[in-house]
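# Structure assessment
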Amino acid sequence: MLLIKNVSMIEFLPIKYGGLLIETNDSGVLQKICWAKRKVWQKPDKPSGVYSQLVEYLLGRRKEFEVTLSEDVGTEFQRRVWNEIGRICYGQTRSYQEVAISLGNKKWTRAVGMACSRNPFLIVVPCHRVVAASGKMGGYIGGGDRVKKWLLNLEGIPKSPE
């Protein structure tokens, strides 16, 4: 049996390569954004603030999010990584190694990659802005490399890494 705690609203936001499932609680705190390959819900009658901000982002009208994230997910290290990734500005990228160095240890590069793969707040915590030091994509839990490239191009990063 699947138990979803503290979730009062689940919304589906269609995007070019599938969609996003957005889970918020009664207070509007973001619990999770995850990738969905196909539509599973109808557009909400009264969208949440998170939903509306994601639409604005996808239309190029928003570069930063004003969202309260759930503190009930991830390890302490993962939350540190996600916080650091949240500092990467719209239209910029950092390598996994650069994020590791900013956290205090360049040997944490793989751990940063693993934390990115566990990011429950897709797009809002922009792990799509983290790429391999070689310039390659490095993977993306939110729908694969083609979605990562699409998001980076949306942010004006031309010729996103292969």
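Look up a bit, the structure's there.
Report follows, based on the coordinates.

How each quantity is defined
Within each chain, residues carry numbers counting from 1 in the order of the written sequence. The predicted nature of this model means local features are confined to residues of pLDDT at least 70 and side-chain atom pairs, given and counted, to a pLDDT of 80 or more, with totals for whole chains, interfaces and linings taken over all residues. The side-chain numbers reported here are obtained from all heavy atoms of the structure, hydrogens and water having been left aside. In this text, helices come from DSSP runs of H or I with a minimum length of four residues, and strands from runs of E with a minimum of two, each type numbered from the N-terminal end. Accessible area is worked out with a 1.4 Å probe on protein chains only. A residue is then buried under 20% of its type maximum, exposed over 50%, and partly exposed in between. Any two residues having at least one pair of non-hydrogen atoms within 4.5 Å are treated as being in contact. To define a nonpolar core, start from buried Ala, Val, Leu, Ile, Met, Phe, Trp, Tyr and Cys residues and group those joined through side-chain atoms within 4.5 Å.

### What to know about the overall build of the protein chain
Helices and strands together make up the secondary structure of the protein chain, namely five helices and five strands. Walking the protein chain from its N terminus toward its C terminus, one meets helices and strands in the order β-β-β-α-α-β-α-α-β-α. Within the span of the protein chain, comprising 162 residues, buried residues form 43% of the whole. Within the protein chain, counting contacts between residues at least 6 apart in sequence, those at least 24 apart form 54% of the total.

### With respect to the nonpolar core
Core analysis: the biggest nonpolar cluster contains 36 residues, and Ile33 and Leu54 have the highest contact counts within it. Tallying contributions element by element places helix 1 (residues 49-58) first for this core, with five residues.

### Some details on unusual backbone geometry
Its identity is not glycine, yet Ile123 carries a phi of approximately 70°, on the positive side. One can find Ile123 in the loop between helix 4 (109-117) and strand 5 (130-131). Take Ile123: its relative accessible area is 2%, and that puts it in the buried class.

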